[in-house]
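Structure assessment
Residue strings, one per chain:
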Amino acid sequence: MKIIVTGGAGFIGGNFVHYMLEKYPDYRIICVDCLTYAGNLETLNSAMDNPNFCFHKVDITDREAVFSVFKEERPDIVVNFAAESHVDRSIENPDVFLKTNILGTQVMMDACRKYGIRRYHQVSTDEVYGDLPLDRPDLFFTETTPIHTSSPYSASKASADLLVQAYHKTFGLPVTISRCSNNYGPYHFPEKLIPLMIANALNNKPLPVYGKGENIRDWLYVEDHCRAIDLIIHKGTVGEIYNIGGHNEMKNIDIVKIICRELNKPESLITFVTDRKGHDMRYAIDPAKIRNELGWLPETKFADGIQKTIKWYLDNRPWWEHIINGEYRQYYERMYLNR
Ligand code: NAD
Ligand code: DAU
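Let us look at the structure shown here.

What counts, and at which threshold
- Residues numbered from 1 in each chain as written.
- Chains lettered and ligands numbered in written order.
- Predicted model: local features only at pLDDT ≥ 70, side-chain atom pairs only at ≥ 80, totals over all residues.
- Heavy atoms only, no water.
- Buried < 20%, exposed > 50% of the residue type's maximum accessible area, 1.4 Å probe, protein only.
- Helix = DSSP H or I, 4+ residues; strand = E, 2+ residues; numbered from the N terminus.
- Near = heavy atom within 4 Å.
- Polar contact = N/O pair within 3.5 Å; in protein donor to acceptor, adjacent residues only side chain to side chain.
- Areas by Shrake-Rupley, 256 points an atom, 1.4 Å probe, with all protein chains shown as cover.
- Nonpolar A, V, L, I, M, F, W, Y, C, P; charged D, E, K, R; others polar.
- Core = buried A, V, L, I, M, F, W, Y, C linked by side-chain atoms within 4.5 Å.
- Contact = heavy atoms within 4.5 Å.

Counted residue by residue, helix α7 (residues 193-202) has nine buried out of 10 residues, so it is predominantly covered. Taken together, the buried positions of α7 are I194, P195, L196, M197, I198, A199, N200, A201 and L202. Just past α7, the residue N204 takes up positive phi, approximately 55 degrees.

Near ligand 1 lie 29 residues; those nearest to it are I12, D33, S85, Y153 and K157. In this structure, I60 approaches ligand 1 through a main-chain N or O atom, which is 2.9 Å from a nitrogen atom. About the coverage of ligand 1: the protein hides 97% of its 840 Å² of free accessible area. Of all the secondary-structure elements, those providing two or more residues to the shell around ligand 1 are α1 (11-23), β5 (119-125) and α6 (152-171). With three residues, β5 is the largest single contributor of residues to the shell around ligand 1. Of the residues that constitute the shell around ligand 1, the class distribution is 14 nonpolar, 11 polar and four charged.

Let us now look at the nonpolar core. I194, I198, L207, I259, F302 and Y328 are the most contacted members of the largest nonpolar core, which has 40 residues in total. Put simply, the parts of the chain that give this core at least two residues each are α7, β8 (207-210), α9 (252-262), β13 (270-273), α11 (302-315), α12 (317-324) and α13 (328-336). In terms of residues, this core owes the most to one element, α7, which gives seven residues. Setting aside its immediate chain neighbours within four residues, F302 contacts Y184, I194, W219, N248, M250, I255 and I258.

Okay, the site of ligand 2 next. Close to ligand 2 lie 23 residues, the nearest being D126, Y153, R276, H279 and Y336. Take D126: an N or O atom from its side chain is 2.5 Å from an oxygen atom of ligand 2. A distance of 2.8 Å is found between an oxygen atom of ligand 2 and a side-chain nitrogen or oxygen belonging to R217. When ligand 2 is considered free in solution it has 690 Å² of accessible area, and contact with the protein chains removes 95% of it. Of the residues belonging to the shell around ligand 2, the class tally is nine nonpolar, eight polar and six charged.

The structure is reproduced here in structure tokens:
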């Protein structure tokens, strides 16, 4: 089996590459990534020596380059992780989100149509459903919850989902879509809540919590997401959408306090800053479909996952220190200095 993994130098794609190489020693894993600020070849260091792995530095919006990878590799399956993924950046500059997340998806699917494919899998997000109110803990996102987006990021992901469904209905492309909740774990870029708080706490820097920190996210350890996608591409039904989430809802402020406690840092580092524009209040996935149809259940409890994650950041300081000492610094100052 040959699998193209786009965005494999990023957080979840990188974890997926390692997961698949270990689980399927006879598969060929082909990573396609153009290495944006969020892509990092250091994430793939250990894969580079594996003869079953190869890397193509290609932008998924570059039709010619993508087609030439397909011509050379003739993949059976494509898993499209490549995206601009950070909500705050999409508020700053939506352009590249629309280009990569929508047009890039189109190019990948056109290549699948031209060269033939067993499965095209689109990695989407629970953010396409918009948010839920804090005072209705009985409500959850199901696969039939209407799309109702808040940020340019989520609007671009929802647009891509619609396009994927259109390519299935119109051209018969064998697609599946997964919509996952917030991931955490190794190789998470330190602009996102959990790794940012770990890195700042370790450097005794302020921990910037948006608004009152009351917003709720449904956190899932990244390996559980990788297992879910593995199941969907092998056993999922073509044309279907699968929600992925672990019923692990937590307020942002509680997450930050846990990180302080685990690192033995004072909560006085916590600083409340101006809220994100259009900030979604609560995400919560109902994973009944993937549980009932594919037998998926999350395996890592948050208490264990956060400890493993913190240990990874302690053991892999060079990985994230290279990032926070590089061009990321300018983003951080722009985003947080006068907040
Ligand atoms: P990330 O930002 O860490 O990584 C994105 C990767 O895509 C990077 O390696 C980057 O270089 C690459 N990329 C970006 N634009 C590209 C382009 N035009 N051509 C080729 N490569 C390109 O993202 P992530 O957090 O790992 O998210 C991966 C996917 O999962 C995204 O589609 C995201 O929407 C989705 N998702 C993320 C989460 C989460 O909690 N992080 C949850 C649900 C869904
Ligand atoms: O739900 C899935 C989504 O989760 C993915 O589709 C996105 O790609 C991914 O980035 C993530 O989006 P969020 O906006 O939920 O993640 P982020 O880590 O940016 O923020 C999590 C929460 O923490 C959110 O309520 C905003 C808040 N926050 C974030 C940052 C970066 C802070 O309070 N302070 C911060 O500095």
